[in-house]
Amino acid sequence: MVKILAIAHYLFAASLSGYYSKEDWQNWADIQILKEEKPEEWIFAVSLASDLDALSKALSEQLITESHTIRNTSLFSDAVIGFLYLKFLSKQISMRELLLMSGDEADGGEGSSVSCEEFYMILNELENKKPLEKDCIFIKKISHLYESFENIARNQIEVLKNY
């Protein structure tokens, strides 16, 4: 049965951000293979993907298909930024890394609802006043900025888990 979801996009965003590791995407694919009577071919390729390049190749046709058939999905870069924020919340990356990677994704990715300049401006503010990382108002500003990104990522994780 073909499910109409942007599942390849979700999987790739989680993996591209580093939120999902090779083991995570391979485990996800292996679970799908065991669950389905006739798994889709691209899922087998995901199971065998050894790095991000191989994963990208494994997902490429499915990503194109989803892009042409599924509408009203979140911007891909917004999802990547959401996964970066989840990594920040779990202390896998620093606030500086979060802002820099978010700015880079907004600048060079597939479009974001927030311009790269906004992330870089906040990063400059942080670097000019180091104690800001502990400032409650500054932390609320970051939380507010990333709230919609976080929601996108959490929703996509839920879909991946329940696929």
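In this text the structure is predicted, and so the values were computed from the model without any measurement.

1. Description of the overall build of the protein chain
On a plain count of helices and strands, the protein chain comes out with eight helices and zero strands. Mapped from its N terminus to its C terminus, the protein chain presents α and β elements in the order α-α-α-α-α-α-α-α. Projecting the C-alpha coordinates of the protein chain onto the three principal axes gives extents of approximately 55 × 30 × 25 Å. The buried share of the protein chain, reckoned over its 163 residues, is 44%. Long-range pairs, those at least 24 residues apart, make up 66% of the contacts in the protein chain between residues at least 6 apart in sequence. Of the accessible surface of the protein chain, which amounts to about 9300 Å², a share of 52% is contributed by carbon and sulfur atoms. If the 16 positive side-chain charges of the protein chain are averaged to one point and the 26 negative ones to another, these points end up 6 Å apart.

2. Focus: the nonpolar core
W42, V46, L59, L99, F119 and Y146 are the most contacted members of the largest nonpolar core, which has 52 residues in total. Of all the elements in the fold, those that place two or more residues in this core are α1 (7–16), α2 (22–35), α3 (41–48), α4 (52–69), α5 (76–89), α6 (95–108), α7 (116–128) and α8 (136–162). Contacts of W42, omitting those with residues within four sequence positions, involve I7, A8, W28, A58, L59, Q62 and Y163.

3. A word on the side chain of K87
Inspection of the secondary structure assignment puts K87 in helix α5. Although K87 lies buried, it forms no salt bridge, and the closest oppositely charged side chain, E97, sits 7.9 Å away as judged by the N-O distance. In this view, K87 contacts S17, G18, Y19, Q92 and I93; residues no more than four positions away in its chain are not counted.

4. Here's the deal with the side chain of E105
Within the element layout of this structure, E105 appears in helix α6. Lacking a salt bridge, the buried E105 has K87 as its closest oppositely charged neighbour, with an N-O distance of 12 Å. In this structure, E105 is in contact with F76, S77, V80, I81 and E110, ignoring residues within four places of it in sequence.

5. Quick notes on the packing of α5 against α6
The geometry of a pair of packed helices is captured by two quantities: the angle between their axes and the separation between those axes. One way to put it is that α5 packs onto α6 with a least axis distance of 10 Å and a crossing angle of 175 degrees. By the criterion of interaxial angle, the relationship of α5 to α6 is roughly antiparallel. Contacts between α5 and α6 involve F76, S77, V80, I81, L84, Y85 and F88 from the former and M95, L98, M101, S102, E105 and A106 from the latter.

6. A short note on the packing of α6 against α7
Relative to each other, α6 and α7 sit at 155 degrees, their axes nearing to 8 Å. Between α6 and α7, the crossing angle belongs to the class labelled roughly antiparallel. Crossing handedness for the pair α6 and α7: left-handed. Of α7, the residues touching α6 (which contributes M95, R96, L99, L100, S102, G103, D104, A106 and D107) are C116, F119, Y120, I122, L123, L126 and E127. Taken together, the residues of the contact of α6 with α7 break down into ten nonpolar, two polar and four charged.

7. Here's the deal with α4
Under the 1.5 Å per step criterion, the end-to-end length of α4 is 24 Å for 18 residues, consistent within 8% with the ideal 26 Å. At L59, α4 is deflected by roughly 50 degrees, the largest bend along its length. For α4, every residue scored as buried is listed here: L55, A58, L59, Q62, L63 and E66. Among the structural elements, α1, α2 and α3 are those in contact with the buried residues of α4.

8. As for the environment of M101
In this fold, M101 is placed in helix α6. Look at M101 and you get partly exposed, because its relative accessible area is 29%. Through-space distance from the C-alpha of M101 to that of C116 is 9.7 Å; in sequence the pair is 15 residues apart. Setting aside its immediate chain neighbours within four residues, M101 contacts L84 and I93.

What counts and what doesn't
Residues numbered from 1 in each chain as written. Predicted model: local features only at pLDDT ≥ 70, side-chain atom pairs only at ≥ 80, totals over all residues. Heavy atoms only, no water. Helix = DSSP H or I, 4+ residues; strand = E, 2+ residues; numbered from the N terminus. Buried < 20%, exposed > 50% of the residue type's maximum accessible area, 1.4 Å probe, protein only. Contact = heavy atoms within 4.5 Å. Areas by Shrake-Rupley, 256 points an atom, 1.4 Å probe, with all protein chains shown as cover. Lys, Arg positive; Asp, Glu negative; His and termini not counted. Charge placed at Lys NZ, Arg CZ, Asp CG, Glu CD. Core = buried A, V, L, I, M, F, W, Y, C linked by side-chain atoms within 4.5 Å. Salt bridge = Lys/Arg side-chain N within 4 Å of Asp/Glu carboxyl O. Axes fitted to C-alpha atoms, helices over the stretch in contact; angles between N-to-C directions. Parallel < 35°, antiparallel > 145°, perpendicular 65-115°, else oblique. Left-handed = near helix turned anticlockwise from the far one by under 90°. Nonpolar A, V, L, I, M, F, W, Y, C, P; charged D, E, K, R; others polar. Expected span 1.5 Å × (residues − 1). Bend = angle between axes of the 7 residues up to and from the residue.

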